[in-house]
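Residue-level listing of the chains:
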Amino acid sequence: MSRLGRSFSFLWSSTALSNLADGVLKIGAPLLAVSMTRSPTLVSLVGAAATLPWLLLALHAGAIADRADRRRVMAVANAARAAILAAVALLAALGRLDLWVLLVAVLAAGVTEVFADLSAQSILPMTVTADRITKANGRVSSAQMIGNDFIGAPVAGLLVGVLPAVVFGAPALLYAAAGLLLLGMRGTYRLPDPGSARGPLRRDIGEALRYLWSHRVLRSLAISAGLLNLANAAYFAVFVLWAVGDGSMMGLEPGEYGLMTTAFAVGAVFGSVLAGRAAGIFGDFRTVVGAWLVSSLLLLAPVIMPSPWALYPTAVLWGLVGAGGNVLVIAIRQRLIPAELLGRVNSAYRLLGMGGMPLGAALGGVVAEFAGIAAVLLGAAGVCLAAVGLVWRALSERISKPLTSAPILSDISGSR
């Protein structure tokens, strides 16, 4: 870690704590919802509330990340969600927690997450040299997976049945600590000459959207990622009903469901570490497309074999290919997008990539209500496979070429 520098070390530590908080909240919230209702539509609203802010605020958050000190944006976002979740923890301790309070808490935490995450991805290239970006992203991705899934998820599964207030109180403390760690990063993390700050935000947003849409590689990745995330949001919004409870296909207890995400994290850690090596052998784009294809096919496994013994190995593979592909896609974006546009274009990319998630989550619940959960799971897998076919076709001319920033930028950024 020291070879990546002091600033990166503090950024990594802050990321690790905030993602541990994310993990507790990500698993704890839907499990609390299942304890309040068995309606697929109502349960799916938790996933929709968590991702809706990406649709509404991503572009503005990215523009702000290019104008402001990115470290300060992250610190304020962490402080805000710490305060919000501390208030919800107090309501839970007083017995005032219901489904609607839960939804408001998840929505509010999602708003702050948009600003924190977009600034985090934009600040990372400011802490390491260009040749270490993939390595740094791998370290960050490992911290995210360990916090989110390896530790946070099983802890949440245990806390839901014992002390629901801690599902919100523990993340509040972790977010506060994550914000304080950012103070250890020396220097300023504002662009040297943010000339865009002199104009309206809509001009910055328009520039980012035009850049993304005219860049064939980024556009293809964004559209395919959007379809994948929409389908996965529908899938996992109702998957908890497929897996947890007496009336489910698997009959898991909440703690056992948390172990599924621990298995996911084990694979994700290896995927994050091995992503660079795989890209060196197969190429960046071929590795990303291959990872997305395997991940899409694995969605069929819990439907074909609804058994915990099949679920846990599947979750390991989900994590392996999911994290590996994610590390490479982030590194590709950081290399292809100019520094002065990184926050804005990242936000435009993630709007396309994640904006459909609340729609997918809500759609998954509605379809499950009328056609059954299996129909949602199979349909989501089909959409994912179609998205992989789309990105393979779009990138077929580049699939065998290694990623180098300057030639690709000059050759592709203006192409259609």
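The rules behind each value
Residues numbered from 1 in each chain as written. Predicted model: local features only at pLDDT ≥ 70, side-chain atom pairs only at ≥ 80, totals over all residues. Heavy atoms only, no water. Helix = DSSP H or I, 4+ residues; strand = E, 2+ residues; numbered from the N terminus. Rg over C-alpha atoms; globule rule 2.2 N^0.38 Å. Buried < 20%, exposed > 50% of the residue type's maximum accessible area, 1.4 Å probe, protein only. Contact = heavy atoms within 4.5 Å. Lys, Arg positive; Asp, Glu negative; His and termini not counted. Charge placed at Lys NZ, Arg CZ, Asp CG, Glu CD. Core = buried A, V, L, I, M, F, W, Y, C linked by side-chain atoms within 4.5 Å. Expected span 1.5 Å × (residues − 1). Bend = angle between axes of the 7 residues up to and from the residue. Salt bridge = Lys/Arg side-chain N within 4 Å of Asp/Glu carboxyl O. Patch = residues over 30% accessible without salt bridge, like charges linked within 9 Å, V, L, I, M, F, W, Y side chains within 5 Å. Areas by Shrake-Rupley, 256 points an atom, 1.4 Å probe, with all protein chains shown as cover. Phe/Tyr/Trp six-rings, centres within 6.5 Å; stacked < 30°, edge-to-face > 60°. Lys NZ or Arg CZ within 6 Å of the ring centre and 35° of its normal. pLDDT = per-residue confidence, 0-100. Polar contact = N/O pair within 3.5 Å; in protein donor to acceptor, adjacent residues only side chain to side chain.

### A closer look at the overall build of the chain
Logical step 1: Regarding its fold elements, the chain presents 16 helices and 0 strands.
Logical step 2: Over its C-alpha atoms the chain spans a radius of gyration of 20 Å, differing by no more than 12% from the 22 Å that the globule rule assigns to 416 residues.
Logical step 3: Counting all 416 residues of the chain, 56% fall into the buried class.
Logical step 4: Long-range pairs, those at least 24 residues apart, make up 87% of the contacts in the chain with a sequence separation of at least 6.
Logical step 5: Here the chain contributes 31 positively and 19 negatively charged side chains, and the mean placements of these two sets differ by 9 Å.

### Quick word on the nonpolar core
Logical step 1: Ranked by size, the top nonpolar core spans 109 residues in total, and within it L102, F168, L221, F239, Y257 and W292 carry the most contacts.
Logical step 2: When residues of this core are assigned to their parent elements, the largest contribution, 17 residues, is made by helix α8 (residues 216-243).
Logical step 3: The contact partners of W292, leaving out residues within four places of it in the chain, are L221, S224, A225, L228, V329, V388 and V391.

### Focus: helix α2 (residues 40-67)
Logical step 1: The end-to-end C-alpha distance of α2 is 41 Å, a good match for the 40 Å that 28 residues give at a rise of 1.5 Å each.
Logical step 2: Largest kink in α2: about 65 degrees, centred on L57.

### Here we look at the pattern of salt bridges
Side chains carrying opposite charge are able to pair once their charged atoms draw close together.
Logical step 1: Applying the stated rule across the entire model yields 6 salt bridges.
Logical step 2: Of the charged contacts in the structure, one is a salt bridge between R81 and D22, with a shortest N-O distance of 4.0 Å. Residue R81 is located in helix α3 (residues 70-93), and its partner D22 is located in helix α1 (residues 6-36); the two are separated by 59 residues in the primary sequence. Taken individually, R81 and D22 each receive the classification buried, so the pair is uniform in this respect.
Logical step 3: The partner of R344 in a salt bridge is E207, and the shortest N-O contact between them spans 2.9 Å. Note that R344 is positioned in helix α13 (residues 342-354) and E207 in helix α7 (residues 201-214), a separation of 137 residues in sequence.
Logical step 4: A single network of salt bridges, built from pairs that share partners, joins D66, R70, E207 and R344.

### Considerations on a nonpolar patch on the surface
Logical step 1: Taken together, the side chains of I146, F150, I151, V155, V266, F270, V273, L274, L317 and L320 define a hydrophobic patch exposed on the protein surface, amounting to about 780 Å² of accessible area.
Logical step 2: Only α5 (133-162), α9 (254-282) and α12 (308-336) provide two or more residues apiece to the nonpolar patch.

### Points about the packing of aromatic side chains
Logical step 1: Summed over all chains, the structure comprises 7 aromatic pairs.
Logical step 2: Seen from their ring centres, Y235 and F239 are 5.6 Å apart, and the 20 degrees between their planes marks the pair as stacked. One end of the pair, Y235, and the other, F239, are both in helix α8, 4 residues apart, so they sit about a helical turn from each other. Here Y235 matches F239 in class, with each residue buried.
Logical step 3: Summarising the aromatic geometry, the rings of F239 and Y257 are spaced 6.5 Å apart at their centres and angled 40 degrees between planes, so their arrangement reads as tilted. Of this pair, F239 sits in helix α8 while Y257 is found in helix α9, placing the two residues 18 residues apart along the sequence. Judged on exposure class, the residue F239 and its partner Y257 are both buried.
Logical step 4: Pairwise contacts between aromatic rings join Y235, F236, F239, Y257 and W318 into one cluster.
Logical step 5: Between the NZ or CZ atom of R219 and the centre of the ring of W213, over which it lies, the distance is 5.6 Å.
Logical step 6: A cation over an aromatic ring shows up here: R333 above the ring of Y349, its NZ or CZ 4.3 Å from the ring centre.

### Digging into the confidence of the model for the chain
Logical step 1: For the chain, per-residue confidence averages 84 on the pLDDT scale, and 92% of positions sit at 70 or higher.
Logical step 2: Low pLDDT, under 50, characterises residues 403-416; the predicted model gives this stretch 32 contacts beyond four residues in sequence or across chains.

### With respect to α3
In an α-helix, one turn spans 3.6 residues; hence positions three or four apart end up facing the same way.
Logical step 1: For α3, built from 24 residues, the straight-helix expectation of 34 Å at 1.5 Å per residue is met to within 8% by its first-to-last C-alpha distance of 35 Å.
Logical step 2: R70, R71, V73, M74, A77, N78, R81, A82, L85, V88, A89 and A92 are the residues of α3 that are buried.
Logical step 3: Tucked inside the fold, the buried residues of α3 contact α1, α2, α4 (99-123), α6 (164-181) and α13.
Logical step 4: Structurally, the start of α3 carries an N-cap: the backbone nitrogen of R71 is 3.0 Å from a side-chain oxygen of D69.
Logical step 5: G95 lies just past α3 and shows a positive phi near 75 degrees.

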